[in-house]
Amino acid sequence: LRVYLPLRGFADSLNLSVATALVLHQLFLLEPSLEGSMNEVERRTLRKKWFAKLAQQRILSKKQKKEYHKLQVKHRQYQELEQIVENGGVLDVSQTAKLVRLKGASQQMAELEAEFQRQAEQAVADLVDNPPAPLTDMRRADEHRTCFVGRNTKNKHQEDWKGMAATTGFHTNDVPSTADYFRSRVIRESSDA
């Protein structure tokens, strides 16, 4: 199947998300019955998977991300040495010792991934059953509309956005960042247990 998206004006190409949105929009125009054909069990399963994935990206602290990255490097080195052995190659003494050390790092990485996944699922457990409302109104922000603006972005544009309804209605001090939001949910869930 090949799809062509007509481009007019000065655009040379579309990014993937825009192209995907255009294709999906056309599919829904061609076959309206496709829209909303998932049953509630399928929706819940999809929310559980994706909400946890989104939260997992925000839960990790800088220190944890750094530690995880180091483990990933060690895991790749372990896989490379293991591949040599599987292909019938012979490791020297230093490579064999390194393989033994790196095996522990691979196990540690797997344990860390499982813990991060557990924390992410815990952070979004109630959101899976009670999802936030979808963004349905993308028009200009008026008094009755609010939006989340990150602390750094809000500080950067404070003068330019002074008095704008969408940025004055939501106080980012209550929820400083999405990372803090999800981390606080994990801490709160742990203390409740």
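Everything quoted here is computed from the prediction, not taken from an experiment.

Draft legend 1. Local environment of the overall build of the chain. Broken down by element type, the chain carries seven helices and zero strands. Of the regular secondary structure in the chain, the N- to C-terminal order runs α-α-α-α-α-α-α. Going through the 193 residues of the chain one by one, you find that 19% of them count as buried. For the chain, restricting intrachain contacts to residue pairs at least 6 apart in sequence, the fraction spanning at least 24 positions comes to 60%. For the chain, the accessible area works out to roughly 15100 Å², and carbon and sulfur atoms hold 56% of it.

Draft legend 2. Layout of the pattern of salt bridges. Across all of its chains, the model carries three salt bridges by this definition. For Arg 44, the salt bridge goes to Asp 129, with nearest N and O atoms at 2.7 Å. Linking Arg 44 in helix 2 (residues 40-59) with Asp 129 in helix 4 (residues 93-129), this pair joins segments that are 85 residues apart in sequence. Among the residues examined, Asp 129 registers a relative accessible area of 44% and is labelled partly exposed. A salt bridge links Arg 118 to Glu 115; the shortest N-O distance between them is 2.7 Å. Separated by three residues within a single helix, Arg 118 and Glu 115 lie in helix 4, roughly one turn from each other.

Draft legend 3. Quick peek at a nonpolar patch on the surface. Taken together, the side chains of Leu 24, Leu 27, Phe 28, Leu 30 and Leu 34 make up a nonpolar region of the molecular surface, amounting to roughly 440 Å² of accessible area. On the secondary structure map, Leu 24 appears in helix 1 (residues 16-30).

Draft legend 4. Spatial organisation of the nonpolar core. Among the nonpolar cores identified, the biggest contains 11 residues, and these are Phe 51, Ala 52, Ala 55, Ile 59, Ala 120, Ala 123, Val 124, Leu 127, Val 128, Phe 182 and Val 186. Elements with a minimum of two residues in this core: helix 2, helix 4 and helix 7 (178-192). The element that contributes the greatest number of residues to this core is helix 4, accounting for five residues. Counting residues in each nonpolar core, the second largest holds seven residues, with Tyr 68, Ala 105, Met 109 and Leu 112 among its members.

Draft legend 5. Region of interest: a positive patch on the surface. Positive charge collects at one region of the surface, where Lys 66, Lys 70, Lys 74, Lys 98 and Arg 101 lie side by side. Contributions of two or more residues to the positive patch are made by helix 3 (62-86) and helix 4. Structurally, Lys 70 can be placed in helix 3.

Draft legend 6. Spotlight on the packing of helix 2 against helix 4. The contact between helix 2 and helix 4 brings their axes to 7 Å, and the two run at 125 degrees. On the basis of their axis angle, the class for helix 2 and helix 4 is oblique. Considering the relative orientation of helix 2 and helix 4, their crossing is right-handed. Contacts from Arg 44, Arg 47, Lys 48, Phe 51, Ala 52, Ala 55, Gln 56 and Ile 59 of helix 2 reach helix 4 at Glu 113, Phe 116, Gln 117, Gln 119, Ala 120, Glu 121, Ala 123, Val 124, Leu 127, Val 128 and Asp 129.

Draft legend 7. Broad picture of the side chain of Ser 106. Structurally, the position occupied by Ser 106 is in helix 4. At a separation of 2.8 Å, a polar atom in the side chain of Ser 106 contacts the side chain of His 75. Those residues within four positions of Ser 106 in sequence are excluded, and the remaining contacts are His 75 and Tyr 78.

What counts as what
- Residues numbered from 1 in each chain as written.
- Predicted model: local features only at pLDDT ≥ 70, side-chain atom pairs only at ≥ 80, totals over all residues.
- Heavy atoms only, no water.
- Helix = DSSP H or I, 4+ residues; strand = E, 2+ residues; numbered from the N terminus.
- Buried < 20%, exposed > 50% of the residue type's maximum accessible area, 1.4 Å probe, protein only.
- Contact = heavy atoms within 4.5 Å.
- Areas by Shrake-Rupley, 256 points an atom, 1.4 Å probe, with all protein chains shown as cover.
- Salt bridge = Lys/Arg side-chain N within 4 Å of Asp/Glu carboxyl O.
- Patch = residues over 30% accessible without salt bridge, like charges linked within 9 Å, V, L, I, M, F, W, Y side chains within 5 Å.
- Core = buried A, V, L, I, M, F, W, Y, C linked by side-chain atoms within 4.5 Å.
- Lys, Arg positive; Asp, Glu negative; His and termini not counted.
- Charge placed at Lys NZ, Arg CZ, Asp CG, Glu CD.
- Axes fitted to C-alpha atoms, helices over the stretch in contact; angles between N-to-C directions.
- Parallel < 35°, antiparallel > 145°, perpendicular 65-115°, else oblique.
- Left-handed = near helix turned anticlockwise from the far one by under 90°.
- Polar contact = N/O pair within 3.5 Å; in protein donor to acceptor, adjacent residues only side chain to side chain.

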